[in-house]
There are 2 protein chains.
Amino acid sequence: MLVIRDTGKSTSIFGSVNHERHIMFKPAQIILLGYIAVILLGSFILMLPGMTAPGKDLKFIDAVFTSTSAICVTGLIVVDTATFFSFWGQIVILVLIQCGGLGYMTLTTLIAIGLGRRIEYRDRLALKETFSLETPGGVVRFTLNVLKYTFTFEALGAFLFLISFIGRYPLPKAIFASIFHSVSAFCNAGFSIFSNSFEDFVQNPLVVLTLCFLIISGGLGFMVLKEVITKHRILSLHSKVVIRVTILLLLAGTLLILLTEWNNPNTIGILSPGHKVLTSFFQAVTPRTAGFNTIPIRSLRSISLFIMIFLMFIGASPGGTGGGIKTTTLALLLGIVKGVAQEKNRVEYFHRRIPNETIYRAIAQTILPFLLVSVVSIIIMSYQPNNPTQIIFEVFSAFGTVGLSTGITPRLFTLSKFLLMVMMYYGKVGLLGLAIYPVKKDEKECILYPEEGVQL
Amino acid sequence: MLVIRDTGKSTSIFGSVNHERHIMFKPAQIILLGYIAVILLGSFILMLPGMTAPGKDLKFIDAVFTSTSAICVTGLIVVDTATFFSFWGQIVILVLIQCGGLGYMTLTTLIAIGLGRRIEYRDRLALKETFSLETPGGVVRFTLNVLKYTFTFEALGAFLFLISFIGRYPLPKAIFASIFHSVSAFCNAGFSIFSNSFEDFVQNPLVVLTLCFLIISGGLGFMVLKEVITKHRILSLHSKVVIRVTILLLLAGTLLILLTEWNNPNTIGILSPGHKVLTSFFQAVTPRTAGFNTIPIRSLRSISLFIMIFLMFIGASPGGTGGGIKTTTLALLLGIVKGVAQEKNRVEYFHRRIPNETIYRAIAQTILPFLLVSVVSIIIMSYQPNNPTQIIFEVFSAFGTVGLSTGITPRLFTLSKFLLMVMMYYGKVGLLGLAIYPVKKDEKECILYPEEGVQL
Ligand SMILES: [K+]
Ligand SMILES: [K+]
């Protein structure tokens, strides 16, 4: 039985209600262990006979890596999905991606509604209203709603892909490729059954823009999607912030990559100006945090790699399928800088004040990952004889569950692969764990120490 | 006349008191322009005949770079101080360093006391008590006090250096080298009249430990020094935090560098275990933010360079001669993470609560420099054909006013040199500017918007 401790009103994602003081399983622990169980199950299935292409033999570390990458919707690969796995192996990966994407989207939103005690009661009511979770059976209806949205977007995406794929491949392969990539894009998974991702489609606007549409939709988060699609009378503060930051990051990313790569003959240098813009736009969309590419990442200039590292670290929006520290976290950090410059000592957006506790969490949610990603990068650098920039790129890509790669991951040492797996897992679960850590109201909290400043 | 606006009680560092609403010169502007004026004056003097060694010709950009580096107590060099300048040129550099170090130490502390309206009134009283600034003439006495401490430490340091230098060099050179390096170390300037910094003294504990003593003392800040030396009845929260973070950073830095460089034959690999520890300790002291070295920086492993980049960014403590975002800022950032993990939503140290506005400033003081340093690194990378890690190292070294160098600075393009100068200037003045930006109490501040959270 799962009992979630709650000093106020008892809540549980599985409906068990109990007023006991002690917790048998914290929800965080359930989720942490649940993800590991599903990853191991996925690895086991991928090791079964018939999952790989004839003559290919999947090592255990590579099976676990592939399963982790799929469940955490990352897309970093150690073996080529296109040629190494059989059709059935690709189906398994597709299912793992879909479960990973749906699971994350459902869990994060449910947590924000039901368990996110750090969210003000008033906000929680607003969230519950949006999702009609007040009534009995609300969780079931909500989950069905997520499924409905997901499948609608994925079906639309698959149809749009099919238009381009149908003349190019035999019909069965065209259909499978359309479905696979539509799911992979909406779930921000980045897995592709084309060996060179979408490099063959760099000049095909329909394919590229369909990818962008799916990636951005999946990354916005279910609450924003629902508010926008149902034309909710007034957008919540959350949706306004998400939309504004998303647009700004897309514009800035496109412009910067366009400028730095304009003359690079190995990336966009040979393309027409229109295709230059399209390709730069795509490479600004994909680090947040889809992981497809239409130009080879290893050919990008160092400066573009660092721009992408920044975008990968920020990632997508909460309650969606993407990773990273999230657009709202970025907004709060910049809001603090603006507040200090204006001598206001508070963070305001759209005539609303952000609660202090939300700001503190945003800071923790930035510092912890940044330190961890830096430490892991440095550890890998200490023994792995690759270019430091490329190592940093792969580690940020793993943390952000992005999946873009300079191509070094398949040949990394086993320890490095293991560390990348930990980063993928942390990128999906660690921030979630921080968000749902249950409120502890103990005696110590009642002591309010006197204030004293320090010089800065 | 300088008039500083103050809605409460009028204060001015030059003693002019006036209740006017409008500011003729903000103190920030005075300081910003003052630094530029002194830098230009220094460049002009360095260009005079007789300042360079015979046959050497100082370019204008290199004169400005050297003057900026000296006034901002950085120590990055584009020409070898030892061989390029005459004795008189070296004297000028010595004077510029001493002015830069004293000016910064005096200004930051005065600002914290007199103009730091963001500091709580109660804290300000405590500061004023520590420095006896309540009485008339307090500012003069305070400045004399800073001079007394500075010259005492520098005299002691010079004496200790002389013991080792006297047998090694002719007497006049031994005396000059002792004074020059003592001032340079206490001011955390990092300029050396030895071409290879202190690499010849890597196995001389007296010289190395004297350097460490001067660097750490200068970096602690005047308030901490005074409280410790006068055995103030109870240390202020500020001093406790500074001392704890300083010790932790020194220990962690020493240990990490010792571990990563243990077997590196180009750095500490050939030394005895005792000298390995001594050398690692020194290389943990010097990035915060002195800039001397006893082993060649370019021979360090990438991983050690990144450890040093972290230490350089943190830097020394407020009110001292060192740069960086400061130890107290790091303490507050980590305090936020701890607070969030403990569900407390406040930052506490030593049974004291840190005011919200101090925390907001700490965040702004981290994000802005980090973004700026990253952007400048990326810009330089885009055209400068050097190793990206080395470029990042030099830019962080400039921002932290550290002066450690992988050796690429003298051969950088003029634009890169200019950008490094801007970073040095920003590292010394930018954070100061943020700290003293005067409080603006306008109408807008009275609007308190309702709270609304966002998901993270
Ligand atoms: K991905
Ligand atoms: K320095």
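Quick caveat: nothing in here was measured; it's all calculated off a predicted structure.

Chemist: How should I be thinking about the overall build of chain A in this particular structure?
Modeler: When you go through chain A residue by residue, the secondary structure sums to 16 helices and 2 strands. Put simply, chain A has 456 residues, and 61% of those count as buried. Summarising the internal contacts of chain A: among those between residues at least 6 apart in sequence, 69% fall at separations of at least 24.

Chemist: Sorry if this is basic, but what is going on with the coordination of the potassium ion (ligand 1) here?
Modeler: Geometrically, a metal with four donors at the corners of a regular tetrahedron has ideal angles of 109.5 degrees, and one with six donors at the corners of a regular octahedron has ideal angles of 90 or 180 degrees. The protein atoms that coordinate the potassium ion (ligand 1) are A:Val73 (O), A:Thr74 (O), A:Asn188 (O), A:Thr289 (O), A:Ala290 (O), A:Thr401 (O) and A:Val402 (O), at distances of 2.5 to 2.9 Å. A relative accessible area of 0% means that A:Ala290 is categorised as buried.

Chemist: What is the right way to read the pattern of salt bridges from this model?
Modeler: Note that side chains of opposite charge can pair when their charged atoms are close. Residues and elements named next belong to chain A. Taken as a whole, this structure holds 2 salt bridges over all chains when the rule is applied. We note a salt bridge from Lys 417 to Asp 62, for which the minimum N-O separation is 3.0 Å. Taken together, the positions of Lys 417 in helix H16 (residues 414–436) and Asp 62 in helix H2 (residues 60–71) put the pair 355 residues apart, joining distant regions of the chain. No difference in accessibility class separates Lys 417 from Asp 62, as the two residues are buried.

Chemist: Teacher, can you tell me more about unusual backbone geometry here?
Modeler: Trans peptide bonds make up most of the peptide bonds, and negative phi angles are found at most residues other than glycine. Here the residue pair A:Arg288 and A:Thr289 is connected by a cis peptide bond, since its omega of -15° sits within 30 degrees of zero. Tracing the sequence through the fold places A:Thr289 in the loop between helix H11 (273–285) and helix H12 (302–314). Even without glycine at this site, A:Thr401 takes up a positive phi of about 45°. Summarising the element assignment, A:Thr401 is placed in the loop between helix H15 (388–399) and H16. Since its relative accessible area comes to 0%, A:Thr401 is described here as buried. With a phi angle near 55°, B:Ser197 is a residue other than glycine that sits in the positive phi range. Its relative accessible area of 8% is what places B:Ser197 among the buried residues.

Chemist: Teacher, can you tell me more about helix H7 (residues 171–186) of chain A here?
Modeler: Helical geometry: 3.6 residues make up each α-helical turn, so side chains three or four residues apart lie on a common side. All names here are of chain A. Given a rise of 1.5 Å per residue, 16 residues ought to cover 22 Å, and the 23 Å separating the end C-alpha atoms of H7 matches this to within 8%. Ala 174, Phe 176, Ala 177, Ser 178, Phe 180, His 181, Ser 182, Val 183, Ser 184, Ala 185 and Phe 186 are the residues of H7 that are buried. Phi turns positive, to about 50°, at Asn 188, one or two residues after H7.

Chemist: Looking at this model, I keep getting lost on the coordination of the potassium ion (ligand 2). Mind explaining?
Modeler: Residue and element names in this part refer to chain B. Within the protein, Val 73 (O), Thr 74 (O), Asn 188 (O), Thr 289 (O), Ala 290 (O), Thr 401 (O) and Val 402 (O) serve as the donor atoms for the potassium ion (ligand 2), at 2.5 to 2.9 Å. Counting the intervening residues between successive donors of the potassium ion (ligand 2) yields the motif V-T-x113-N-x100-T-A-x110-T-V. Of this pair, Thr 289 sits in the loop between helix H11 (273–285) and helix H12 (302–314) while Val 402 sits in the loop between helix H15 (388–399) and helix H16 (414–436), placing them 113 residues apart in sequence. Of the two residues, Thr 289 and Val 402, both sit in the buried class.

Chemist: Looking at this structure, I do not really get the packing of helix H8 (residues 205–220) of chain A against H11(A). What am I missing?
Modeler: Between two packed helices, both the angle of their axes relative to each other and the distance between the axes serve to describe the pair. Residue and element names in this part refer to chain A. Packing of H8 against H11 leaves a shortest axis separation of 10 Å and a crossing angle of 25°. Considered as vectors, H8 and H11 are oriented roughly parallel to each other. The hand of the H8/H11 crossing is left-handed. Across the interface between the two elements, Pro 205, Val 208, Leu 209, Leu 211, Cys 212, Ile 215 and Ile 216 of H8 pack against Leu 278, Phe 281, Phe 282 and Val 285 of H11. Partitioned by chemical class, the residues of the contact of H8 with H11 number 11 nonpolar, no polar and no charged.

Chemist: It is not clear to me how the side chain of A:Ser317 should be interpreted in this structure. Could you clarify?
Modeler: Residues and elements named next belong to chain A. Positionally, Ser 317 belongs in the loop between H12 and helix H13 (327–341). Look at Ser 317 and you get buried, because its relative accessible area is 1%. Residue contacts for Ser 317: discarding those within four places in its chain leaves Gly 219, Leu 220, Val 242, Thr 246, Lys 326 and Thr 327.

Chemist: I tried to follow the environment of B:Leu372 on my own but got confused; where do I start?
Modeler: Residues and elements named next belong to chain B. Note that Leu 372 resides in helix H14 (residues 356–383). By relative accessible area, which is 33% here, Leu 372 ends up partly exposed. Taking the C-alpha atoms as reference points, Leu 372 and Tyr 426, 54 residues apart in sequence, are found 9.6 Å from one another. Sequence-distant contacts of Leu 372, defined by excluding residues within four places in its chain, comprise Met 423 and Tyr 426.

Chemist: Help me understand the confidence of the model for chain A in this model?
Modeler: It should be kept in mind that the predicted coordinates are not to be read in detail where pLDDT is low. When pLDDT is averaged across chain A, the result is 81; 81% of the residues are at 70 or more. In the predicted structure, residues 1–24 of chain A sits below a pLDDT of 50 and forms 40 contacts with residues beyond four places in sequence or in another chain.

Chemist: Whenever I open this one, the packing of aromatic side chains confuses me. Can you help?
Modeler: Geometrically, a pair of aromatic rings is defined through the distance of the ring centres and the angle of the planes. Following the criterion strictly, the structure yields 45 aromatic pairs over all chains and no others. When the centroid spacing of 5.4 Å and the interplanar angle of 50° are considered together, the rings of A:Phe165 and A:Phe201 count as tilted. Of this pair, A:Phe165 sits in helix H6 (residues 138–165) while A:Phe201 is found in the loop between H7 and H8, placing the two residues 36 residues apart along the sequence. Here the two residues A:Phe165 and A:Phe201 agree in accessibility, since each one is buried. The rings of A:Phe313, A:Phe370, A:Phe396, A:Phe399, A:Tyr426, B:Phe313, B:Phe370, B:Phe396, B:Phe399 and B:Tyr426 are connected pair by pair, giving a single aromatic cluster.

Chemist: So what exactly am I meant to see when it comes to the environment of B:Ala290 here?
Modeler: All names here are of chain B. Inspection of the secondary structure assignment puts Ala 290 in the loop between H11 and H12. Separated by 32 residues in sequence, Ala 290 and Gly 322 have C-alpha atoms that sit 7.1 Å apart. Beyond its immediate sequence surroundings of up to four residues, Ala 290 is in contact with Thr 74, Asn 188, Ala 189, Gly 190, Ile 215 and Val 402.

Chemist: Explanation requested: a nonpolar patch on the surface in the structure shown.
Modeler: All names here are of chain A. There is a patch of nonpolar side chains on the surface, built from Ile 166, Leu 171, Ile 175 and Ile 179 and spanning about 330 Å² of accessible area. Checked against the element boundaries, Ile 166 lands in the loop between H6 and H7. The exposure class of Ile 166 is partly exposed, given its relative accessible area of 44%.

Chemist: What is the right way to read the packing of helix H10 (residues 237–261) of chain A against H11(A) from this model?
Modeler: Residues and elements named next belong to chain A. Remark: H10 packs on H11, axes separated minimally by 8 Å, with the N-to-C direction vectors making an angle of 125°. Compared by their axis directions, H10 and H11 come out oblique. For the element pair H10 and H11, the recorded crossing hand is right-handed. Touching Leu 250, Gly 253, Thr 254, Ile 257 and Leu 258 of H10 are Lys 276, Val 277, Ser 280, Phe 281, Gln 283, Ala 284 and Val 285, all from H11.

Rules of the game
Starting afresh in each chain, residues are numbered from 1 along the sequence in its written order. Each chain is given a letter, starting from A, and each ligand a number, starting from 1, according to the order in which they appear as written. Per-residue local features are limited, in this predicted model, to residues with pLDDT of at least 70; the limit for side-chain atom pairs, both in listing and counting, is 80 or more; totals at the level of whole chains, interfaces and linings are taken over all residues. Working from all heavy atoms in the structure, the side-chain values ignore hydrogens and water. Here a helix means four or more residues in a row that DSSP labels H or I, a strand means two or more in a row labelled E, and each is numbered from the N terminus. Burial classes: relative accessible area under 20% of the type maximum marks a residue as buried, over 50% as exposed, and values in between as partly exposed (1.4 Å probe, protein chains only). Throughout, a residue-residue contact means that at least one pair of heavy atoms, one from each residue, lies within 4.5 Å. Each metal's donors comprise the N, O and S atoms found within 2.8 Å of it (within 3.2 Å for Na, K or Ca). Water is not part of the atom list, so some coordination spheres may appear incomplete. A carboxyl oxygen of Asp or Glu within 4 Å of a side-chain nitrogen of Lys or Arg is what we treat as a salt bridge. For a helix, the expected span equals 1.5 Å multiplied by the number of residues minus one. Interaxial angle, 0 to 180 degrees, is taken between N-to-C directions of lines fitted to C-alpha atoms, where a helix line uses only the stretch in contact. Oblique is the label for any angle not covered by the other classes, which are roughly parallel (under 35 degrees), roughly antiparallel (over 145) and roughly perpendicular (65 to 115). Left-handed describes a crossing whose near helix is turned anticlockwise from the far helix by less than a right angle; the clockwise case is right-handed. Only Asp, Glu, Lys and Arg are considered charged, only Ala, Val, Leu, Ile, Met, Phe, Trp, Tyr, Cys and Pro nonpolar, and every remaining residue, Gly among them, polar. As a per-residue measure, pLDDT tells how confident the predictor is, with possible values from 0 to 100. A pair of Phe, Tyr and Trp rings is counted when the ring centres sit within 6.5 Å of each other, with Trp represented by its six-membered ring. The angle between the planes then sorts it: under 30 degrees is stacked, over 60 is edge-to-face, the rest tilted. For patch building, the residue pool is restricted to those with more than 30% relative accessible area and no salt bridge; the joining distance is 9 Å between like charges and 5 Å between nonpolar side chains (Val, Leu, Ile, Met, Phe, Trp, Tyr). To measure how exposed things are, a 1.4 Å probe is used in the Shrake-Rupley method; for residues, cover is taken only from the protein chains shown.

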